[in-house]
Structure formats: structure tokens, C-alpha cells
Amino acid sequence: MPETTHVDYSTKIPNNVGLMDDQRVLKALEQWHPGYIDWWNTMGPDGFQTSDVYLRTAVSIDPKGWAKFDYVKMPEYRWGILLAPRMEGRQVNFGAHKGEAAWQEVPGEYRAMLRRLIVVQGDTEPASVEQQRFLGKTAPSLYDMRNLFQVNVEEGRHLWAMVYLLQKHFGRDGREEAGELLNRRSGDADKPRMLGAFNEETPDWLSFFMFTFFTDRDGKMQLESLAQSGFDPLSRTCRFMLTEEAHHMFVGETGVSRTAEATCAAMKAAGIEDPYDINAVRKLGVIDLPTMQKKANLHFSLSLDLFGSEVSTNAANYYNSGVKGRFQETRIEDDHVLTSDTYPVSKLVSGQIKMVDEPALTAINMRLRDDYVADCNKGVERWNKAIEKTGINFRFKLPHVAFHRHIGEFQNVKASPDGQVLSEAEWAKKRDAWLPSKADGDFIQSLMQPCWERGKFSSWIAPPKVGVDNKGGDFEYVKIHQG
Amino acid sequence: MAKRIDFQTEPSRYRHWKLKFDGDVAELIMDVDETAGLFDGYQLKLNSYDLGVDIELNDAVQRLRFEHPEVKTVVLKSGKDRVFCAGANIRMLAGSTHAHKVNFCKFTNETRNSMEDASANSGQKYMCAVRGSAAGGGYELALATDHILLADDGNSSVSLPELPLLAVLPGTGGLTRVTDKRKVRRDLADAFCTVEEGVRGTRAVKWRLVDQSVPNSKFEQAVKDTAKKLASTSDRPADAKGIAFTPIERNIEDDAVTYSGVKIEIDRATRRATLTITGPSEPPPASVADMHKQGAQFWPLRLARELDDAILHMRLNEAEVGVWIFKTQGEAAQVLAYDKFLEANKDNWLAREILHFWKRTLKRIDVTSRSLVALVEPGSCFAGTLAEIVFACDRSFMLVGSFQGDNRPAAAITLSNLNFGAYPMSNDLSRLATRFLGEPESVEAAKAQTGKPLDAETCEEMGLVTSAFDHIDWDDEVRIFLEERSSYSADGLTGMEQNLRFAGPETMETKIFGRLTAWQNWIFQRPNAAGAEGALKRYGSGVKANFNPERV
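Analysis parameters
- For every chain, the first residue of the written sequence is number 1, and numbering continues from 1 onward in sequence order.
- As a convention, the first chain written is A and the first ligand written is 1, with the rest following in written order.
- Totals for whole chains, interfaces and linings use every residue, but because this is a predicted model, local features are given only for residues with pLDDT of at least 70 and side-chain atom pairs only at 80 or more, for both listing and counting.
- Based on all heavy atoms of the structure, the side-chain values leave hydrogens and waters out of the count.
- Comment: elements are numbered from the N terminus, with helices defined as DSSP H or I runs of at least four residues and strands as E runs of at least two.
- In this description the radius of gyration comes from C-alpha coordinates, and the expected globular size is given by 2.2 Å times residues to the power 0.38.
- Exposure categories follow from relative accessible area, calculated using a 1.4 Å probe and restricted to protein chains: below 20% of the type maximum is buried, above 50% is exposed, and the middle band is partly exposed.
- We call two residues in contact whenever any of their non-hydrogen atoms come within 4.5 Å of each other.
- Only the protein chains shown count as covering a residue, and every accessible area follows the Shrake-Rupley method with a 1.4 Å probe.
- By the counting rule applied here, Lys and Arg register as positive and Asp and Glu as negative, while His and the ends of each chain are not counted.
- Here the site of a charge means NZ on Lys, CZ on Arg, CG on Asp, or CD on Glu.
- The term buried area means the drop in 1.4 Å probe accessible area that two parts suffer when joined, counted for both and summed.
- Note on definitions: salt bridges are taken to be side-chain nitrogens of Lys or Arg within 4 Å of carboxyl oxygens of Asp or Glu.
- Any pair of nitrogen or oxygen atoms within 3.5 Å is treated as a polar contact; in protein, a donor-acceptor pairing is required on top of that, and neighbouring residues in sequence qualify only through side-chain atoms on both sides.
- Residue ranges assigned to the domains are those given by an automatic or database domain assignment.
- Gly is put with the polar residues, along with every residue not named as nonpolar or charged; the nonpolar set is Ala, Val, Leu, Ile, Met, Phe, Trp, Tyr, Cys and Pro, and the charged set is Asp, Glu, Lys and Arg.

Moving on: the overall build of chain A. Scanning chain A for helices and strands turns up 12 helices and 7 strands. At 23 Å, chain A has a C-alpha radius of gyration in line with the 23 Å of a compact globule built from 483 residues. Expressed as a percentage of its 483 residues, the buried residues of chain A come to 60%. Taking as baseline every contact in chain A between residues at least 6 positions apart, the subset at least 24 positions apart corresponds to 71%. Looking at chain A as shown, the accessible area adds up to about 18800 Å², and 50% of this sits on carbon and sulfur atoms. Here chain A carries 59 positive and 67 negative side-chain charges, and the mean point of each set is 2 Å from the other.

Next comes the structure, spelled out in C-alpha cells:
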């Protein structure tokens, strides 16, 4: 069966890439499948593998018709290989190969480069499932639990997507890398995941929301740039993944917003106007807004590290080679070759944070990060609008890009959230005012009590405005059969 | 590159390395300060190195041998979290003159050879603990150790990405050590050298690229165990006390550098330097204990350090001085007395170190790209160890009798036992055995004359010098030789001299130097690497190199 917009369920692995006629790849995927299921059972959501979860499954890649909702036991979710439809006459749209026909096969000279990009992207997908595997037990509602699992199964599917590319296009090395993706473990001392942020714990639901807002948004930016790739199968895969990624960010943005909403409503009801009266606010069983700001500071800074060095040879090579573009590449008005352009980069120049013009090619990471920060700010603004409506005088603000960094220009300096360079001693004194302290963590943990009754929500989070698939807030999104 | 490069340093001045001592194990930790490059225009990111980093490494390796007889294993590791060492800094290479690149690589090789020398000859074993990526020169550094441990964490890797990334070679011993030291199969080596991201974990062991691949949680323990195991094979004394490498005495002027026992005088008009070595003024100490007491002032050691510094200074800072004239002055009998002392005490760790230090310093002379000539004149002391310098030279001239009005004793060369194996060249033969490759009987004849002062005519007859001239011919003959030398192409001379100096068998060391010269230094000049559109020039810009496909 040739490539179609409809998903072929005749093989064990749903797909729209004609797997039936590609016995080599079908066989490789079938061999990989048991390892994946084993991974899912041991590293996927803990305690809910036999529960029926109201999940959406893709039946078609048509933008309007791909989401179909039904109860599914997660291990039986139809993970599959889904690519966005091929665009006739698509070209390489940037770099040295600009104007050539997009590649349907991997060009030999970029094989290592592409494989590395796909492996790094692929590694983040199972990592977040591992990070989030214990959260089900403290879900503040069935609605939120269902959203968590939806995110998890889709991260699982994104892993499939990357594994398909590895097995289809990268030969034996690709198969080995596909195997390794199941062997690494988030936070494991011996086999850690490849990127730092994916080895951090997700200890509570607020962390989960912040993670889906900030870190999955990095994922979105990376997918957006890979969707521009001159390697057409990668582009098509990423384009389809982006449709799912949007839901993850929705979960994050509304999760944080609903948490703040519950806080503001509780404060109003108790007659507390000062958002910094933390003890009084916490007694209401909600998370005070300054602590939420600290969480945002943490997750934003960790996510910035995922963009790599501001000035990067690798990023320049990826761009020039046509394998990884910029955010919304084709809508940018320039020559898309960039060999004679510059781009302003924030750098540390003799102890001062300054903007320095760098060759645009080497500043690709910086540009993507700028686009990311702008995208984050839009979401933060929506949070602030929601708070404003409640009448509480508080605004969330993203910290300076130099704050709490471990990679890039600012890794060796301490900076405050407003971008002042500090001494080690000043930083140590202020750290707990800017980043979650142990006590903050303990407090949030104390609120993390399961709330699994239909239609009920934990005190610290407000119900959603609308439910999933036009169902109400009291719909039984997860039928729990603990096993 | 007008700045004078100084090879003298000491641990309190290190910017890039740290030394930690724990009984018989020392840690040599590479933690490069990216803002402290030797020149402007590049940052030493990701533990990449330049000559300045290597000068400190060389100093550390030397001090470990002399100041720390108790250290039996040296563990080479990185002070950075996710990277072991990214190799030679590319922007530094791209911005360097060809001559600087060549001399930098040569010095790098010499330092790595000296690590292997410590392992092989003085019981100080080197091992390498690789966490993060060891790329290019970083892996070459690891290759110079006896044992490589690689963390099996899914990220740590070893690689030689020079060809795919830069269109040059891992030329400081990388290819040769992969095939000849680690004996990696050639097709696997070929694959390895074209995989930019390198090889990790068990495959790296299987391909013989590393010795062990160890999970992170067991890594520290495995490093400790290996260090102890290596230490147990060492014959270094447990209770000896090291000697302090006190700063050498040196006075630098525009056209002269004066040490206590070496004087360099430069004649810029003729582009010649005269290096005059002064023999010992005191007889050797009465006992080994007294030698230890003298420490860095013990004449053979003091002179070796000074000569070593002089050679490095001249190589890097005086590239246009193309001819070096070696002279000596002093009492040959005293020089021979020191030779006898060292030979008699060669089982003492310090005496052994000094002999190996002389061996390495003489090897530095062998691979120096200058025309070398020895003038053996009245009052000179080319005896034993110092006679090796005559044999290291491309030509040697000896005066018959005396100059008019000069009452110093006539020139003589006296051989000692040390001329017959104590100071092998990189081909693993003594200079005399190399000199007489086709006539081993001449080596035997020379040996029979050990200890006897040999006059000019005898030396010429025995082939120990090129020519013997009397005072009537001397000035003209020497002048004509020197003028003729100056008239030739500097490149042609370097090539010819290096070809002629190393007769006899190939060793790993001769291959490393030879291939650096033949291949890397050729590639370094070619447009595919060094041209405006070459890989070295375009590295980091994101723009691909433009290659000329013609095979030469």
C-alpha cells in the first residue's frame, strides 16, 4: 500500500508510510516493538497500565480528522508511524543546497549529522515519560490524569516516529541507536538521557505543568526547525508531531493558569490581597504566586540550556547543510543562506552582559532561543491576564536569559533574574528567593494528594473551562483499574 | 607571532592543569582556562589546547619524574564535566603560521613521547580516565598512556574527526598509535577516523580503541583499581624524596641567551647561532646522597635543563636562524667523570631519570629543523655525553693541532660507555650505530677506543667527524661550508637533513615524526585544508569547504 493520508491498521504497526510494502523496515520495527512494550510497562505511568483512559488516537493525518477519542488501555495504544503528507515539488529551502529538490533519501555526507539530530530528538521523548511516571498517583483530577497520559502516549509515539526514521534511513547504525533509545534512563547515573533537563526529576504536578509549558516548548521549537529540513521524511515526521506537541503546551499553559486561578480565588475568598503573604496563602491549600514564579524561573532557565551554545559551529553546519532550519524559515524575509548576515547575540564581555553582532550562521541557536523566549512571553502574558481578571496584583515575569545557566555564554557567571551579574556570595544569599527551596518543594509536595473522584479537583487547581472532546469536567476520563 | 614563547613554568603558575597527589598515585587534571590562550583571537573552549597548554603539560610530566619519585601511576583526566578534551584548538590552528603549527605539533609529540618514556623506562605509568568526549588531539593524548578507561554512559566517546571535520589528519601520533600501539585493525581504524561522533562503550573496547568501558557508577573505583594495579608493576622507590626543579638561570638579550652552562649567540646577518656548552667546573659528588643534595644544580641535570630550554627557545622564537653551530669548552676528563658517575649509579632513580632526560634532549636536537654543525676546537670537551652532540650534527669539523698563539690543548674527542646505547635515537639505535649502519665494525673499533682522547686525524680516520682541518685551512673551510649552507632553500635543507638523520629501522616514534612531516605538514599547506575555501579556514563558519577533487 502506498503512502496515504489514511492510517493502515492492517499491520501490527499503524502507519501511513506503506509499511506493508517495506518488509525490511517492517521487520526491524516488529523486532523493536517488544522492547518498546517492555520499556513502556516498566518505565511508563506507574500503576495505571490496566486502567481505561479516554485517549485520542490518530486514524488519519488529515488535520481535521486525525483525532478519534475512545477508552484505551495504555499498553494497547496504537502507536504508529505517521508522517504529514508529502508536498509535491518541495525544495531545500535554506543553506548551501537552497533550491535543490528536497531529499527523499539521506545524503551520504550528512548521514552522521542527521542521525545525531534524530537521536538527540528521539532521546527526549521517552525521557519525559520516565520523568513523569509517578505523577498519576497524585493526580489532582481525572481530567488532569487523562491529560498526563495523553501526553505520555504521544511522547511514546514521537519516539516511534524517530525510530522509524532511524530504521528506515540509517541502516545498522540506525537500528543500534533505536535500541539504545530504550536503554538510557532519565536520571540514571550509568545510562542517563542525553540532555541535562531530561535527567531532572518531575516531582510534582506544578513541575509537570511548567515542564510541558517551557521544556515541551523547546521541543516545539526544535521540531519546528527540523520540520524545515531538506531531508523530507524528517520534515514530514516533525510536521505531524507538531500537531500533537500543541496539546502538550496547552496542558502546561492551562495547568499553570488553573493553578494561579485557584490561588487567586482562594485569596479573594479569604480577603487576602497581598500575594507575598506566603504563609497566609499557603494555609488556604493553594500554591502562592511567588513560589510559582520560582518554579517558572527554574524551568525556563533549564529549558534555555537545551538550545545549546549561543554561538555554535554545529548549528551553523546544520543550517548550511540544509538539515535544520530556523523557526518558520520560509516566512523569514532574507536570503536563507546567511553567509553575509549578522545576528545580535547576548554575550558576556569582560564581566558585562552585552549584545554583540555575530555571523548569522553561527548564531542560529541564539535566534531560535529568541523566538522561543518570545513564544514563552505570549503564554506568560495570558497567565497575567487571567490573574489580572481576579483583581490580585501580581504579574509573572520570565527571568533574564543569563539567570541560572549551565550551558553557553553565561554558564560561568551568577546573574539575578533581572540580569545583574553577582558575586558567588550574593548569589548564595539570594538563591532561595529566586529558585524553589527545599521548603517550597516540601510544601508543594504536601498538596500533592490524589483526587480521583469524578468531577472533583484538588484545592490547589481550578477546573478547566471546557473538557476534552466536548465532554464535561465530571466525565470519567480515566476508569481506574489499578494494577 | 612576535611574542617570545617561554617554555619555563611551574605548578603555581599553571592556568590549565592541576596536580593532585595521593601516595603513589597522582592525578594530572586538564582544566583549560578558555580565556588564557597563548595568543589572542581564540578561546580554548571544551578543554581544547594550544602550545601554552602543552608547555604546562610538559612541565608537569618532567616534574612528576624528578620531583615525585614516589608517584608510580599518573591518572590523566579532565576537570570539566562533559568533555575530556576536544584536541588542538581549531581557530588557533587556522590563525597560525605554518611554521608555528609544525613546531607546535612537534613539541606536542615530544611531550607525548616523554609520557610513554616515563612508562617504559622509569616506572611511572600513565593511564587515562575518559569521561565525556575525547576528540582528535584529546584522544591522541589518551593514546599516549598505557591504559584507557572510557565511561560507558551513552555519551563518552573517543574520536579522530580530523578528516571529516577539518580535512587534515590526527597527525600528532593519532593514526600511528591507533595502528601500531593499539593495533586496531586497519579497516576498523578507517571507519573510526571517518565517524565524526566517534565510538562509545563496548564497541570502543571491541575495536581496541580503549582498554575498558565502565559504567559511571563504577568508574571512580575502576580508575582507582587500575591505578593501583599499574603502580604494582612499577620499580620506583617507595621512600625516595624528589628533588626540586628550581628555576633555571637565564639571561635573555636581543642576540644572546646566557645560561650557567649554555650560551647562545646569534649573528642575524648570517642567520647563524653559536651554542657554546661549558663543561663542569667541579668533579662529580662523592656519593649518590650528595647528588641528591645538589639536586637541580647537579651538573648533568642543570645542563640538560638549560640545553632543553635553549633548543625549544631557538626552535620557536628564532625560526630564521637556520644554522646552529655547536661548540664546547671545558675539561673532557671532568665530563667523563660525570658519565662514569651516572653509569655507576644508573640503578638509582635520580641518575636513571637524568640519563633519560639527556636521551630526550638529544632526541630534540635530532628532530630540529635546522642545519646542525659541530666545531671541535682546542679547549673543547666533546667527550662521552657531550660527544653525542657531534654525532647528532649534520656535519662536524675538527681542528688538527692548535691555532697560532693558542696554548689550549689540541682538540680531542673521547668516547665513554654512554655513547654505546644509553642515548638511543628515535630509531632505537645509538647515534654511532646509526652513523655506521653499513659498517658495524666501525662501531666496534670506536668502542675499543673508549676512554682514550682521540685526536683530529684519528677521528676523521675513524669516521667520528666529517673532516679534520689544520689551522691553515680551517677558517676558509668552515666559512665556505656555512656560506654554502645559507644559500640553500630552507625547506629543501630541512627535508634533506631529516631524511638523512634517521637511517635504519622504523619505530613508532620515527613513524610519528616522519608521517607528521610527510603527510600532515603537506596537508597543512594544501588549499583543501588551508586555502581560503579550505576546511580549516571555514571551520566554525558553518560554510562548507570547497575541495579540489584531484588526487595527487
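Let's pick the thread back up.
Moving on, we get to the interface of chain B and chain A. Each side of the interface is counted separately: chain B has 20 residues, and chain A has 21 residues. Around 1700 Å² of area is buried between chain B and chain A when both sides are counted, 35% of it from carbon and sulfur atoms. Three residues, B:Glu197, B:Gly542 and B:Lys544, lead the burial of chain B against chain A; their summed loss comes to 28% of the area buried on that side. A salt bridge links B:Asp152 to A:Lys191, with the nearest nitrogen and oxygen atoms 3.7 Å apart.

Moving on, we get to the side chain of A:Arg405. Residue and element names in this part refer to chain A. Relative to the helices and strands, Arg405 is located in the loop between helix H10 (364-390) and strand S5 (414-415). A polar contact is formed between the side chain of Arg405 and the backbone oxygen of Leu304, at a distance of 3.4 Å. A polar contact is formed between the side chain of Arg405 and the backbone oxygen of Ile407, at a distance of 3.2 Å. The residues touching Arg405, leaving out its near neighbours within four places in the chain, are Ser301, Leu304, Asp305, Glu310, Arg369, Phe410 and Gln411.

Residues and elements named next belong to chain B. What the domain assignment reports for chain B is domain 1 (11-232) and domain 2 (250-501). For domain 1 and domain 2, the distance between their C-alpha centroids amounts to 34 Å. Between domain 1 and domain 2, the buried area comes to about 1500 Å², and carbon and sulfur atoms account for 52% of it. Taken together, the links from domain 1 to domain 2 amount to 5 salt bridges. For Arg364, the salt bridge identified is with Glu110, shortest N-O distance 2.6 Å. Between domain 1 and domain 2 we count 9 residue pairs in polar contact (both at pLDDT 80 or more) in total. Taken together, the elements giving at least two residues each to the side of domain 1 that touches domain 2 come down to helix H1 (51-67) and helix H3 (98-121). Broken down by element, the side of domain 1 that touches domain 2 gets its largest block of residues, 8 residues, from H3. When grouped by side-chain class, the residues that make up the side of domain 1 that touches domain 2 number 4 nonpolar, 8 polar and 4 charged.

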